[in-house]
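Chain residues, written in single-letter form:
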Amino acid sequence: MPRGIDQTRQRLWAAIDLEEQLLEEDDERAEELAQKAGQAEEEAKREPGPAGLFSNMVLGPEGERFEFRQSPWVRSIIGWWCDPQVDRIFLIQGSQTSKTTTMSGLLLYASKYDPGPALWVGALEEEVGDFVVDRLKPFLEVADPGARTGRKVDWRKTAIRLHGRMLVSFAWATSGPRLRAKPCRYVFGDECGVWPDSIPGIGDPLDYTWKRTRKWTRRGRKGIYATTPGSEFHPTWRAVKASALARWYVPCPDCGAYQFLSFRDNIMFDHCKGKDGG
């Protein structure tokens, strides 16, 4: 066999051996990370407060539970909710990133351990009605069957009572009368990025809903508003820019360095690369 061919074959087998070794190391690393994540989930279930409640929430008919390893940023949101120095939280996140689940879980926690009148505000009347019937009520009944115990009050599209002691009213950002209906301690604003900038007799609904909590200024009022990214000129973005803005950072799968995840700057798909590598 010519010497050159033999050397090439040796280098090829060496490369294959190295690749197999790296794959084995990746498998071991992945298994180690999975074990750590599983341990963290079990520890979270024993935690007091919202973190423990979230880890024990049943989310589906097959007994599926909420997992922080699937949505790790939710821990930060829970931390802000429990911080007495934080009164309003704005979540600007993409679709299917646990925004509504997080808000629903915090509503459940408040009703169970720190009740007070709440106002859940959506964008349009029909959207709010569908959300309450199709998503929120089923979620609450599965996550905690005790949420519907206590005084018998019908679950309607305009108001529900949780654990027999916490009244949750529903409104939509286009209706002044609904927003004015009741003062509240908690505000849950859904898809606030598409709320109108102003409505007659109210002005900015984002600002007005927060004013409805003034009675509870010294008693731990909270507001959480969630939306997908929208116009930077919307009142939601102005409120976000005036806050202590936080961004989610994730580890690079190659080097482990944490970075802000941006589709424009640091997400690349090999099959989309051009000839110049861009």
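Since the model is a prediction, treat every value here as computed from it, not as a measurement. (Residues numbered from 1 in each chain as written. Predicted model: local features only at pLDDT ≥ 70, side-chain atom pairs only at ≥ 80, totals over all residues. Heavy atoms only, no water.)

A. Quick peek at the confidence of the model for the protein chain. Averaged over all residues, the pLDDT of the protein chain equals 79, while 73% of them reach at least 70. Considering only residues more than four positions removed or in separate chains, one finds that residues 1-5, a stretch of pLDDT under 50, has two contacts. (pLDDT = per-residue confidence, 0-100. Contact = heavy atoms within 4.5 Å.)

B. Expanded view of helix H5 (residues 125-143). For H5, which comprises 19 residues, the first-to-last C-alpha distance of 25 Å matches the rise-based estimate of 27 Å (1.5 Å per residue) to within 8%. Of all the bends in H5, the greatest, near 45°, is centred on Val-132. Within the sequence span of H5, burial applies to Val-128, Gly-129, Phe-131, Val-132, Leu-136, Lys-137, Phe-139, Leu-140 and Ala-143. Buried residues belonging to H5 abut helix H4 (99-113), strand E2 (118-122), strand E3 (159-162) and strand E4 (166-172). (Helix = DSSP H or I, 4+ residues; strand = E, 2+ residues; numbered from the N terminus. Expected span 1.5 Å × (residues − 1). Bend = angle between axes of the 7 residues up to and from the residue. Buried < 20%, exposed > 50% of the residue type's maximum accessible area, 1.4 Å probe, protein only.)

C. Just unusual backbone geometry, in detail. Even without being glycine, Gln-96 reaches a positive phi, approximately 60°. Checked against the element boundaries, Gln-96 lands in the loop between strand E1 (88-92) and H4. A positive phi angle, near 70°, is found at Ser-98, a position not held by glycine.

D. Molecular detail of the pairing of E3. Here E3 shows no split at all, with Ala-159 and Arg-161 on one side and Ile-160 and Leu-162 on the other all buried. In terms of strand pairing, E3 meets E4 through four bridges, oriented antiparallel. Pairing of Ala-159 across the sheet is with Ser-169, part of E4. (Pairing = 2+ DSSP bridges.)

E. Broad picture of the packing of aromatic side chains. Tallying each qualifying case throughout the model produces twelve aromatic pairs. Pairing Trp-120 with Phe-131 gives two aromatic rings, centres 5.2 Å apart and planes at 25°, and the pair type is stacked. Of the two residues, Trp-120 is situated in strand E2 and Phe-131 in helix H5; the sequence distance between them amounts to eleven residues. Accessibility classification places Trp-120 together with Phe-131 in one group, the buried group. By the ring-pair criterion, three or more aromatic residues cluster together here, those being Trp-81, Trp-120, Phe-131, Tyr-186 and Phe-188. (Phe/Tyr/Trp six-rings, centres within 6.5 Å; stacked < 30°, edge-to-face > 60°.)

F. Just the environment of Lys-182, in detail. Mapped onto the elements of the fold, Lys-182 is located in the loop between helix H6 (176-180) and strand E5 (186-190). Residue classification places Lys-182 among the partly exposed residues on the basis of a relative accessible area of 43%. Considering only alpha carbons, one finds Lys-182 and Ser-169, 13 residues apart in sequence, at a separation of 7.9 Å. Those residues within four positions of Lys-182 in sequence are excluded, and the remaining contacts are Leu-167, Ser-169 and Arg-212.

G. Inspection of the pattern of salt bridges at higher detail. Here the structure, examined in full by the defined rule, presents three salt bridges. Between Asp-114 and Arg-185 there is a salt bridge, with the nearest N and O atoms lying 2.9 Å from each other. One end of the pair, Asp-114, is in the loop between H4 and E2; the other, Arg-185, is in the loop between H6 and E5, with 71 residues separating them in the sequence. For Arg-185, a relative accessible area of 8% corresponds to the buried category. (Salt bridge = Lys/Arg side-chain N within 4 Å of Asp/Glu carboxyl O.)

H. A look at a nonpolar patch on the surface. A cluster of nonpolar side chains, namely Tyr-249, Tyr-258 and Phe-260, defines an oily patch on the protein surface of about 360 Å² accessible area. Note that Tyr-258 resides in strand E8 (residues 258-260). (Patch = residues over 30% accessible without salt bridge, like charges linked within 9 Å, V, L, I, M, F, W, Y side chains within 5 Å. Areas by Shrake-Rupley, 256 points an atom, 1.4 Å probe, with all protein chains shown as cover.)

I. Up close: the side chain of His-234. Summarising the element assignment, His-234 is placed in the loop between strand E6 (222-227) and helix H8 (235-241). One polar contact links the side chain of His-234 to the main-chain amide nitrogen of Thr-236, over a distance of 3.0 Å. Setting aside residues up to four positions removed in sequence, His-234 forms contacts with Cys-192, Gly-193, Val-194, Trp-195 and Asp-197. (Polar contact = N/O pair within 3.5 Å; in protein donor to acceptor, adjacent residues only side chain to side chain.)

J. Structural view of the nonpolar core. The biggest cluster of nonpolar side chains holds 38 residues, and the ones touching the most others in it are Phe-54, Trp-81, Leu-107, Phe-188 and Ile-224. With seven residues, H5 is the single largest residue contributor to this core. Apart from residues no more than four positions distant in its own chain, Phe-54 is found in contact with Phe-66, Phe-68, Val-74, Ile-78, Thr-101, Thr-102, Gly-105 and Leu-106. Core analysis: the second largest hydrophobic core is formed by 19 residues, Val-121, Ala-123, Leu-179 and Val-187 among them. (Core = buried A, V, L, I, M, F, W, Y, C linked by side-chain atoms within 4.5 Å.)

K. Representation of the packing of helix H3 (residues 74-82) against H4 within the structure. At a minimum axis separation of 11 Å, H3 and H4 run at an interaxial angle of 40°. The handedness of the crossing between H3 and H4 comes out as right-handed. Between H3 and H4, the contacting residues are Val-74, Ile-77 and Trp-81 on the first element and Thr-102, Leu-106, Tyr-109 and Ala-110 on the second. Tallied by class, residues from the contact of H3 with H4 come to six nonpolar, one polar and no charged. (Axes fitted to C-alpha atoms, helices over the stretch in contact; angles between N-to-C directions. Left-handed = near helix turned anticlockwise from the far one by under 90°. Nonpolar A, V, L, I, M, F, W, Y, C, P; charged D, E, K, R; others polar.)

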